[in-house]
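# Close look at the chain arrangement
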Amino acid sequence: MIEAFVSQIRTIWRILLHSFTKAETVQYPEQKPYLAPRYRGRIVLTRDPDGDERCVACNLCAVACPPDCIALQQGTREDGRWYPEFFRINFSRCIMCGMCEEACPTNAIQLTPDFEMCEYDRQNMVYEKEHLLINGTGKYHDYNFYRVSGLKIDGKDKGEAQNEAEPIDVKSLLP
Amino acid sequence: MSEANLPFIGAILLTVVGGAAVLTWFERRLLGIWQDRYGPNRLGPFGILQVAADMLKLLTKHDWIPPFADRFVFVIAPTAIVISMLMAFAVVPFGPDHYLIDMNVGLLFFLAMSSLAVYSVMLGGLASNNKYALLGGLRAAAQMVSYEVFMGLSLMGVVMLSGSFSLVDIVEAQQDGWYFIPQFLGLYVFIIAGIAESHRLPFDLPEAEHELTAGFHTEYGGMKFTMFMLGEYCGLILLSCMITTLFFGGWLGPFFPPLVWFALKTFGFVCFFILLRAAIPRPRYDQLMALGWTVMLPITLINLVATGAIALWMNQA
């Protein structure tokens, strides 16, 4: 009983001391909060250091996406590279969970610290590839999928990728 | 000397109702500070025009009466709390010359008026014809009736010491010592009973949002909801005024004029009640009742008997 009373008084005192602490919130439109570089906001599609788009249209992001807001169509260019014919993210459904970024094998899809995407028309929340694609490498500056993968494209044959051994002729017994 | 004239009545009404309106904003700002945020600070200096914005919103809202409600009682109920709370201000002595009536039963008048407020809450809950509202009304009735018992009793120590029911006499009797020292138990009980009586947090069980959506005013909106809120904030101001008058020497104090002292003390207690709201969680309903009957009532009785005995002994010596 006494203990409970003392506890209440202590609570009141501790709350009163909060008169002298700084507010945790910020005055938002004038004063922006600090957002970490890895903050999960608006999604972008990045390019590799050579300026080609990184996305190889593998569909893993669309599979990983919990609210199914990513849609894309795979196409093949003449040089053998895969690319998305269209790439569409419906941001009115997106929950900014970052699963697509986790799933992406080529670091193409990345989340940025931008969350100010208000629109008066809901249709405008649907971003097409031209809106998503940026002219930069995002968080990973040196990575280029086609330089490290064994896939054969124009100008890079089998065995010519970084750290890749020459292909073995499995039909010959000679060393 | 009493100044029972119309301008003075108008001044009191304006101060109390205006104070209650400003209090809605002030409370939110203060709660914000104590919860490490800002509160409404956008409109006007420090956000004070928020009051005007809220008022405009509430006044222009659709004044809807549910078709299943008891129309007459539904409309009457919110006015009862405002009327009874404002009536009680008639006996509050703001200064040595600033009071409407110096009734010789002023204290009883205050108790009676604050008890009448229960009708508002109960009838509002009953007339809404809604389960949550009814439960809120029931809780309000039970809570207010049981806390009334020792709210009145806790003040009897003050009456014994001053020998009068008149609030002016009670203040005059505190010239050589405010009553919060000899009557600390009475003050403690009166504060708790007063919060329960004005059903503010932490004793806002009649309108507990988590359990009863909004309790007795679930079906109320617009102007009628405003009336309930106005009554509640008037009740808060009244309670602070009464604590000032009964335990902290009313207008008495050095250097400043009496009215300033009264306003300062009252303001302090209003802040204290907002602090209570910020700090203490709401008890369960049975805990509230148990606290009332098993702790508060015995404390009050002990205080009453002890004060009586000491008063008798002092008179003999």
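It should be noted that the structure appears before, not after, this text.
Nothing here was measured: the structure is a model prediction, and the numbers come from that model.

Thresholds applied
Residues numbered from 1 in each chain as written. Chains lettered and ligands numbered in written order. Predicted model: local features only at pLDDT ≥ 70, side-chain atom pairs only at ≥ 80, totals over all residues. Heavy atoms only, no water. Contact = heavy atoms within 4.5 Å. Buried area = accessible area lost by both parts, 1.4 Å probe. Salt bridge = Lys/Arg side-chain N within 4 Å of Asp/Glu carboxyl O. Polar contact = N/O pair within 3.5 Å; in protein donor to acceptor, adjacent residues only side chain to side chain. Nonpolar A, V, L, I, M, F, W, Y, C, P; charged D, E, K, R; others polar. Pairing = 2+ DSSP bridges. Helix = DSSP H or I, 4+ residues; strand = E, 2+ residues; numbered from the N terminus. Buried < 20%, exposed > 50% of the residue type's maximum accessible area, 1.4 Å probe, protein only.

Moving on, we get to the interface of chain A and chain B. With 19 residues of chain A in contact, the opposing surface of chain B contributes 14 residues. Between chain A and chain B the total buried area reaches about 1,500 Å² when both faces are included, carbon and sulfur atoms providing 60% of it. Summed over the shared surface of chain A and chain B, the number is 1 salt bridge. A salt bridge links A:Glu30 to B:Arg42, with the shortest nitrogen-to-oxygen separation between them at 3.0 Å. For the pair chain A and chain B, the number of links is 7 residue pairs in polar contact (both at pLDDT 80 or more). The class makeup of the residues in the side of chain A that touches chain B is 9 nonpolar, 7 polar and 3 charged.

A word on the sheet that holds strand β5 (residues 126–127) of chain A. All names here are of chain A. Strand order in the open sheet formed by 3 strands is β2-β3-β5, and the pairing between neighbours is antiparallel. Of all strands in the sheet, those bounded by a partner on one side alone are β2 (70–76) and β5. Where strand β3 (residues 82–90) lies against β5, 2 bridges are found, and the strand directions are antiparallel. By the bridge assignment for β5, asparagine 90 is matched with valine 126.

By the element assignment, B:Pro78 lies in helix α3 (residues 71–88). In this structure the C-alpha to C-alpha distance between B:Pro78 and B:Phe267, which are 189 residues apart in sequence, comes to 26 Å.

On to the environment of B:Gly194, then. Residue and element names in this part refer to chain B. Residue placement: glycine 194 occurs in helix α8 (residues 184–197). Residue classification places glycine 194 among the buried residues on the basis of a relative accessible area of 2%. Linking glycine 194 and methionine 242, residues 48 residues apart in sequence, is a C-alpha distance of 9.7 Å. Residues within four places of glycine 194 in sequence aside, it is in contact with Met151 and Leu239.

Interpretation note: all reported values are geometric properties and have no functional meaning in isolation.
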